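# Structural description and commentary
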Amino acid sequence: MTIQKVMVVGAGQMGSGIAQVIAQAGFEVKLNDMKQEFFERGLRVIAKNLTRDVEKGRKTEEEKEAILNRITMSLDLKDAFDADLIIEAATENMDIKQTIFKELDAIAPKHAIFATNTSSLPITEIAAVTERPEKVIGMHFMNPVPVMKLVEIIRGLATADEVYKTVEQMTHQLGKTPVEVNDFPGFISNRILLPMINEAVYALYEGVATKEAIDDVMKLGMNHPMGPLTLADFIGLDTCLYIMEILHEGLGDSKYRPCPLLRKYVAAGWLGRKTGRGFYVYED
C-alpha cells in the first residue's frame, strides 16, 4: 500500500511536530484539532522551528514556505474521508482516543491505516472499538518530534503484517528510525525510562541527595544528556505519573508504584516546565 494523503489528529506539541516532519518529507498533511486557535498555535510552533532551521542554514526560506504550504487546517474529523494514513496525537486518555477512533472508523476509507501516537496505552484496546483492528498500529514518536530519530512501532494483537510494513516504510520516508515493539504497558521506551525517573524521585524523597546531585550523577556518570528530574519536568510530571500508574496497573508489580513525592507535586499543580515549576523553577 502507498501512503499519499495523511491526517494528523491533534495540533498540540506532539501533533504539530508530527505534521512538520510529514510535510518536510514532501507529503500533504491535514492537521486537525477542535478549534482554529489550537491549529494556529500548532502552526506557529512549526513556523518557529522552521525559522530556526533557516537561521542555522539547514533550510532555505523557500523550503520553509513550501513545507508550511503543505499543511492545511482541519476542524472536522470528516476531513479524513480520503486519508490513507491517520495519526492520532490527542490527549493521553483511553476514552478520548477510543471516541476518536470509533468516529474515524465510520468516515475514513476502508483501506486507511489508523496509527496512534500513544506513549503507553494498549494498542489492542484502542483497536477494539473499530471494525478494522488489523489496520490499527502504534506509531510512538519521541519528543521533540523534529529532532528525535526514534519511532516505536507497536503491533496490536490483530495488526496485519502489511500494515506494519507500510508504516515502517513511511517512517523511513520521514527520516526516522523505526523499532518494532509488541503491545505491553509502556512499550519499551517508557517501561525503561519512567521507572528510572520514578527511582530518581524516590532518591530525592528519601533524602539520598539533592535534585542537582541526582541529575549530575546521571549526566556526568552515565553520560545522559539531561538528568532524570530535569527530564521529568520537560515531559510533565502529570504525564510521568500517568504512565507510572499504567505500568503499575498493567504489570501488577510493586516496583512500578509511583513515588508519593511525584503524586504530591502533581496534586500541587507543579507539573514542570509547562507550569513554571516542577522539581526546578522556570522563569521563562
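Residues numbered from 1 in each chain as written. Predicted model: local features only at pLDDT ≥ 70, side-chain atom pairs only at ≥ 80, totals over all residues. Heavy atoms only, no water.

## Things to note about the nonpolar core
Judged by nonpolar contacts, the single largest core of 35 residues is most densely connected at Ile22, Met139 and Phe141. The element best represented in this core is helix H1 (residues 13–24), accounting for six residues. If we ignore the near neighbours within four places in the chain, the residues touching Ile22 are Val6, Val8, Phe27, Val29, Ile87 and Leu174. With 25 residues, the next largest nonpolar core counts Leu194, Leu237, Tyr256 and Phe279 among its residues. (Core = buried A, V, L, I, M, F, W, Y, C linked by side-chain atoms within 4.5 Å. Buried < 20%, exposed > 50% of the residue type's maximum accessible area, 1.4 Å probe, protein only. Helix = DSSP H or I, 4+ residues; strand = E, 2+ residues; numbered from the N terminus. Contact = heavy atoms within 4.5 Å.)

## Concerning the packing of helix H7 (residues 189–205) against helix H9 (residues 228–235)
Between H7 and H9, the least distance of the axes is 9 Å, while the angle of their chain directions is 115 degrees. Between H7 and H9 the crossing geometry is left-handed. Contacts from Leu193, Met196, Ile197, Ala200, Val201 and Leu204 of H7 reach H9 at Pro228, Leu229, Leu231, Ala232 and Ile235. In the contact of H7 with H9, the residues fall into eleven nonpolar, no polar and no charged. (Axes fitted to C-alpha atoms, helices over the stretch in contact; angles between N-to-C directions. Left-handed = near helix turned anticlockwise from the far one by under 90°. Nonpolar A, V, L, I, M, F, W, Y, C, P; charged D, E, K, R; others polar.)

## Some thoughts on the packing of aromatic side chains
The way to describe two aromatic rings as a pair is by their centre distance and the angle between their planes. Tallied over the entire structure, the rule returns four aromatic pairs. Plain terms: the ring middles of Tyr202 and Tyr205 are 6.4 Å apart, the flat faces sit at 70 degrees to each other, and that makes the pair edge-to-face. Within this pair, Tyr202 and its partner Tyr205 are both found in helix H7, separated by three residues, close to a single helical turn. The class of Tyr202 is buried, set by a relative accessible area of 10%. (Phe/Tyr/Trp six-rings, centres within 6.5 Å; stacked < 30°, edge-to-face > 60°.)

## Topic: the UniProt feature "domain: 3-hydroxyacyl-CoA dehydrogenase C-terminal" (unreviewed entry) in the protein chain
Under the local residue numbering, the UniProt record ascribes the feature "domain: 3-hydroxyacyl-CoA dehydrogenase C-terminal" (unreviewed entry) to residues 186–282. Each end of residues 186–282 is marked by a C-alpha atom, and these two atoms are 28 Å apart; helix forms 62% of the span and strand 0%. (UniProt positions renumbered as here; feature names shortened; annotations may be inferred.)

## Some remarks on the UniProt feature "domain: 3-hydroxyacyl-CoA dehydrogenase NAD binding" (unreviewed entry) in the protein chain
The sites that UniProt annotates as "domain: 3-hydroxyacyl-CoA dehydrogenase NAD binding" (unreviewed entry) are residues 5–183. Taken as a whole, residues 5–183 contains 41% helix and 22% strand, while its terminal C-alpha atoms sit 27 Å from one another.

## Some remarks on helix H3 (residues 61–69)
When H3 is considered as a whole, its buried residues turn out to be Lys64, Ile67 and Leu68. In an axial view of H3, the angular spread of the buried residues amounts to 95 degrees, which keeps them on one side of the axis. Residues of H3 that are exposed and angled more than 90 degrees away from the buried face: Glu62 and Asn69. In this structure, the buried side of H3 is in contact with H1, helix H2 (36–55) and strand E3 (71–74). (Arc of directions from axis to C-beta.)

## Observations regarding helix H11 (residues 260–268)
Considered for burial, the residues of H11 that qualify are Leu261, Leu262 and Tyr265. Buried residues of H11 fall within an arc of 105 degrees about the axis and therefore sit on the same side. When the buried face of H11 is taken as reference, the exposed residues oriented beyond 90 degrees from it are Lys264 and Ala267. At the exit of H11 stands Gly269, carrying a positive phi of roughly 85 degrees.

## Structural notes on the sheet that holds strand E6 (residues 136–141)
Spatial ordering of the open sheet is given by E3-E2-E1-E4-E5-E6-E7-E8, a layout of eight strands whose pairing is mixed. Of all strands in the sheet, those bounded by a partner on one side alone are E3 and strand E8 (177–182). Mean inter-strand twist for the sheet, computed between neighbouring axes without regard to direction, equals 25 degrees. Pairing geometry for strand E5 (residues 113–116) and E6, over three bridges, is parallel. Its bridge partner lying in E6, Ala115 is registered against Ile137. (Pairing = 2+ DSSP bridges.)

## Focus on the pairing of E6
Taken across its six residues, E6 has six buried, putting it largely inside the fold. Alternating positions in E6 separate into two faces, Val136, Gly138 and His140 on one and Ile137, Met139 and Phe141 on the other, with burial throughout. Two strands pair when backbone bridges link them, and E6 and strand E7 (residues 150–155) are joined in this way by five bridges, in the antiparallel orientation. Bridging from a neighbouring strand, His140 pairs with Glu152 of E7.

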